[in-house]
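# Structural description and commentary
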Amino acid sequence: MSGQENKACVAGVKQTRKAILNGTAGSVLLAENADPNLTGPLQALCRERQVDVQWVPSMKELGRMCSLSVGAAAAAVLS
C-alpha cells in the first residue's frame, strides 16, 4: 500500500463491496491467494465503477496492511 499506509481502509469482501458501491473506495486491494469466487466479482465491480485495483501477494499480508491480526481477501482504501 505504498504511500497509503496512513489512509483509512475497510477490510473484508462485504465492506469493500459497500465502499465501492457508495463511492468511498479510492482503490481496492485484493489478495492473490484468496478464493477467486470472492475476488472476481469485486474486480468486475471495480472495473465497472472505474476503481483502481491492486493485487497483494497474500491474505495475511493484506490483513497486516490494514492493521488486522487475521488475513483479508479484500480491502478498500477510502478516498
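Up top you'll find the structure we're talking about.
Residues numbered from 1 in each chain as written. Predicted model: local features only at pLDDT ≥ 70, side-chain atom pairs only at ≥ 80, totals over all residues. Heavy atoms only, no water.

## A word on the nonpolar core
Formed by Ala19, Ile20, Ala25, Val28, Leu30, Leu42, Leu45, Cys46, Val51, Ala74 and Ala76, the largest nonpolar core amounts to eleven residues. For this core, the secondary-structure elements that each account for two or more residues are α1 (13–21), β2 (25–31), α2 (36–49) and β4 (74–78). Not counting residues up to four positions away in its chain, the partners in contact with Ile20 are Ala25, Val28, Leu42, Leu45, Cys46, Arg49 and Val51. If you look at the next biggest cluster of nonpolar residues, it comprises ten residues, including Ala31, Ala34, Leu62 and Ala75. (Core = buried A, V, L, I, M, F, W, Y, C linked by side-chain atoms within 4.5 Å. Buried < 20%, exposed > 50% of the residue type's maximum accessible area, 1.4 Å probe, protein only. Helix = DSSP H or I, 4+ residues; strand = E, 2+ residues; numbered from the N terminus. Contact = heavy atoms within 4.5 Å.)

## Section: α2
End to end, α2 covers 19 Å across 14 residues, agreeing with the expected 20 Å (1.5 Å per residue, within 8%). Taken residue by residue, α2 has Thr39, Leu42, Leu45 and Cys46 as its buried positions. Projected onto a plane normal to the axis of α2, the buried residues spread over an arc of 125 degrees and lie on a single side. Exposed positions of α2 whose direction lies more than 90 degrees from the buried face are Pro36, Asn37, Pro41, Arg47 and Glu48. Residues of α2 that are buried in the fold lie against α1, β2, β3 (52–56) and β4. Immediately downstream of α2, the backbone of Gln50 shows phi near 55 degrees, a positive value. (Expected span 1.5 Å × (residues − 1). Arc of directions from axis to C-beta.)

## A look at unusual backbone geometry
For Gln50, which is not a glycine, the phi torsion comes out positive at approximately 55 degrees. Along the chain, the position of Gln50 falls in the loop between α2 and β3. The phi dihedral of Ser67 falls on the positive side, at around 60 degrees, and the residue is not glycine. Within the fold, Ser67 resides in the loop between α3 (59–65) and β4.

## Examining the sheet that holds β4
Read from one edge to the other, the open sheet built from four strands follows the order β1-β4-β2-β3, with strand pairing classed as mixed. Since the sheet does not close on itself, it has two edges, and those belong to β1 (9–11) and β3, each with one partner. Between one strand axis and the next, the sheet turns through 25 degrees on average, direction left out of account. Relative to β4, β2 is paired through five bridges, and the arrangement is antiparallel. In the sheet register, Ser27 faces β4, and the bridge partner there is Val77. Along the sheet, α1 contacts β1, β2 and β4; its crossing angle with β4, the most-contacted strand, is approximately 40 degrees. Sheet strands touched by α2: β2, β3 and β4. Its angle to β2, the strand with the most contacts, is close to 155 degrees. (Pairing = 2+ DSSP bridges. Axes fitted to C-alpha atoms, helices over the stretch in contact; angles between N-to-C directions.)

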